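Residue strings, one per chain:
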Amino acid sequence: MTRLVTTVEEMQALRESARVEGKTVGFVPTMGALHEGHLSLVRRARADNDTVVVSVYVNPFQFGPQEDLQRYPRDLPADHKLAGSAGADFVFAPTDAEMYPAGFQTYVEQFTLPKRLCGRFRPGHFRGVLTVVLKLFHIVRPTRSYFGQKDYQQSVVIRRMAGDLHCGTEVVTLPIVREEDGLAMSSRNRYLGVRDRKDALCLSEALVIGEAAIRNGERKASAIVDAMRERIGRVKRARIDYVACVDPETLAAVKTVEGTVVLALALHLGKTRLIDNRLVAP
Ligand code: AMP
């Protein structure tokens, strides 16, 4: 039986029991609407640890005023079941009041990494992410924490924070789980209508094109990005935030591909914002 935990106090008490028993704790933070991408993290946490905690919390602090906080898909009973089926011992699903008690006024700021890629289009987003993840780290005190490469920039900023602030958890990043046709799984895919779903293939296909360009010897980042943009441009309604070829650690744009790079992109289809990326070693 997977236990549903809704208060910080109870979660901390359970964590303390695990500590006393000498158990390792694997932690998978999520915003719910769980899919195979999330579950791949839970299964890995199950394999690596004695106890597995999955958090389900839609963190208001990381959404911009014009973003999809209100309509973000929520289905805790389904998530509880799915997390359990993948091996979670505890589902931690706190309320907003529990996470942000009245008077709350402390947050985590990082200097450079959050300003790159998505950060340029989602001001304040990574401040919200880092703050909630640090809070969750303090509550769950995980031995290991699992994140998806799907949110590549997020995994980099969190890894940095975990080191900078001595969070005492090993940050593990796992590969992107995709639909059969290549679309990266995402809770936001639930928003996609039939036409959106078809058009959304331009993300993964653009990445395949970018990777092929590198494999064929192209080293000029601008040429690689242009080839990716050309594929996206075929979907007239796609509104691009960015298409980028960046350093995997600094997330700064590279001019010439010399080592491993991340091809990353973000775009809007109607009201839905989608992201995807691919690590490519030349
Ligand atoms: P979210 O619920 O969207 O905040 O995601 C929770 C965690 O699941 C994050 O670490 C994501 O990167 C990860 N995740 C989401 N989608 C995928 C996917 N398709 N493959 C692998 N991990 C994913």
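Draft legend 1. Spotlight on the pairing of strand S7 (residues 239-246). The buried fraction of S7 amounts to six of the eight residues, a majority that puts the element mostly inside the structure. The pairing of S7 with strand S8 (residues 261-269) spans seven bridges and is classified as antiparallel. Residue pairing across strands places valine 243 opposite leucine 265, the latter belonging to S8.

Draft legend 2. Here's a closer look at the pattern of salt bridges. The tally for this structure, following the rule as stated, stands at 21 salt bridges. Salt-bridge contacts for arginine 19 lead to glutamate 16; the nearest nitrogen and oxygen are separated by 2.8 Å. You can see arginine 19 and its partner glutamate 16 sitting in helix H1 (residues 8-20), three residues apart, about one turn around the helix. Take glutamate 16: its relative accessible area is 30%, and that puts it in the partly exposed class. The partner of arginine 273 in a salt bridge is aspartate 241, and the shortest N-O contact between them spans 2.9 Å.

Draft legend 3. Examining helix H9 (residues 221-233) more closely. For H9, which comprises 13 residues, the first-to-last C-alpha distance of 18 Å matches the rise-based estimate of 18 Å (1.5 Å per residue) to within 8%. Residues Ala221, Ile224, Val225, Met228, Arg231 and Ile232 constitute the buried set of H9. Summarising the axial view, the buried residues of H9 lie within an arc of 115°, below the 170-degree limit, and thus occupy one face. Those residues of H9 that are buried are in contact with helix H8 (201-215), S7 and S8.

Draft legend 4. Geometry of the site of the ligand. Met31, His38, Asp151, Val177 and Met185 are the nearest of the 16 residues found near the ligand. Taking methionine 31, its main chain carries an N or O atom lying 2.9 Å from an oxygen atom of the ligand. Elements represented by at least two residues in the shell around the ligand include exactly strand S2 (25-30), helix H2 (36-48) and strand S5 (144-148). Looking at which element gives the most residues to the shell around the ligand, the answer is H2, with three residues.

Draft legend 5. Representation of unusual backbone geometry. In the Ramachandran plot, alanine 33 falls in the positive-phi region, its phi being about 50° despite a non-glycine side chain. Position of alanine 33 relative to the elements: it lies in the loop between S2 and H2. Exposure remark for alanine 33: the relative accessible area of 0% places this residue in the buried category. Phi is positive for arginine 141, which is not a glycine, with a value near 40°. Tracing the backbone shows arginine 141 in the loop between helix H5 (125-140) and S5. Classification of arginine 141 as partly exposed rests on a relative accessible area of 38%.

Draft legend 6. Inspection of the packing of aromatic side chains at higher detail. A complete count under the given rule lists seven aromatic pairs for this structure. For the pair phenylalanine 61 and tyrosine 100, a centre-to-centre distance of 5.8 Å together with 75° between the ring planes defines the contact as edge-to-face. One end of the pair, phenylalanine 61, is in the loop between strand S3 (51-56) and helix H3 (76-85); the other, tyrosine 100, is in the loop between helix H4 (96-99) and H5, with 39 residues separating them in the sequence. Overall, the relative accessible area of 16% leaves tyrosine 100 in the buried class. Centroid distance tyrosine 100 to phenylalanine 104: 4.8 Å. Interplanar angle 85°. Geometry classified as edge-to-face. On the accessibility criterion, phenylalanine 104 (31% relative accessible area) is partly exposed. Sitting over the ring of tyrosine 191, arginine 71 keeps its end group 3.8 Å from the ring centre.

Draft legend 7. Fine view of the packing of H1 against H5. It is the contact of H1 with H5, at a shortest axis distance of 8 Å, that shows an interaxial angle of 50°. One way to sum up the angle between H1 and H5 is to call them oblique. On H5, the residues touching Val8, Met11, Gln12 and Arg15 of H1 are His138, Ile139 and Val140. Grouping the constituent residues of the contact of H1 with H5 by class yields four nonpolar, two polar and one charged.

Draft legend 8. Molecular detail of the nonpolar core. Of all hydrophobic cores here, the largest spans 44 residues; its most connected members are Met11, Val53, Phe92, Val133, Phe137 and Ile158. Put simply, the parts of the chain that give this core at least two residues each are H1, S2, strand S4 (90-92), H5, helix H6 (152-164), S7 and S8. Both of domain 1 (3-174) and domain 2 (187-276) provide at least three residues apiece to this core. Those residues in contact with isoleucine 158 that lie beyond four places of it in its chain are Val129, Leu130, Val133, Phe137, Phe147 and Val171. Among the nonpolar cores identified, the runner-up in size contains 27 residues, and Leu203, Ala221, Leu269 and Leu274 belong to it.

Conventions adopted
- Residues numbered from 1 in each chain as written.
- Predicted model: local features only at pLDDT ≥ 70, side-chain atom pairs only at ≥ 80, totals over all residues.
- Heavy atoms only, no water.
- Buried < 20%, exposed > 50% of the residue type's maximum accessible area, 1.4 Å probe, protein only.
- Helix = DSSP H or I, 4+ residues; strand = E, 2+ residues; numbered from the N terminus.
- Pairing = 2+ DSSP bridges.
- Salt bridge = Lys/Arg side-chain N within 4 Å of Asp/Glu carboxyl O.
- Expected span 1.5 Å × (residues − 1).
- Arc of directions from axis to C-beta.
- Contact = heavy atoms within 4.5 Å.
- Near = heavy atom within 4 Å.
- Polar contact = N/O pair within 3.5 Å; in protein donor to acceptor, adjacent residues only side chain to side chain.
- Phe/Tyr/Trp six-rings, centres within 6.5 Å; stacked < 30°, edge-to-face > 60°.
- Lys NZ or Arg CZ within 6 Å of the ring centre and 35° of its normal.
- Axes fitted to C-alpha atoms, helices over the stretch in contact; angles between N-to-C directions.
- Parallel < 35°, antiparallel > 145°, perpendicular 65-115°, else oblique.
- Nonpolar A, V, L, I, M, F, W, Y, C, P; charged D, E, K, R; others polar.
- Core = buried A, V, L, I, M, F, W, Y, C linked by side-chain atoms within 4.5 Å.
- Domains from an automatic or database assignment.

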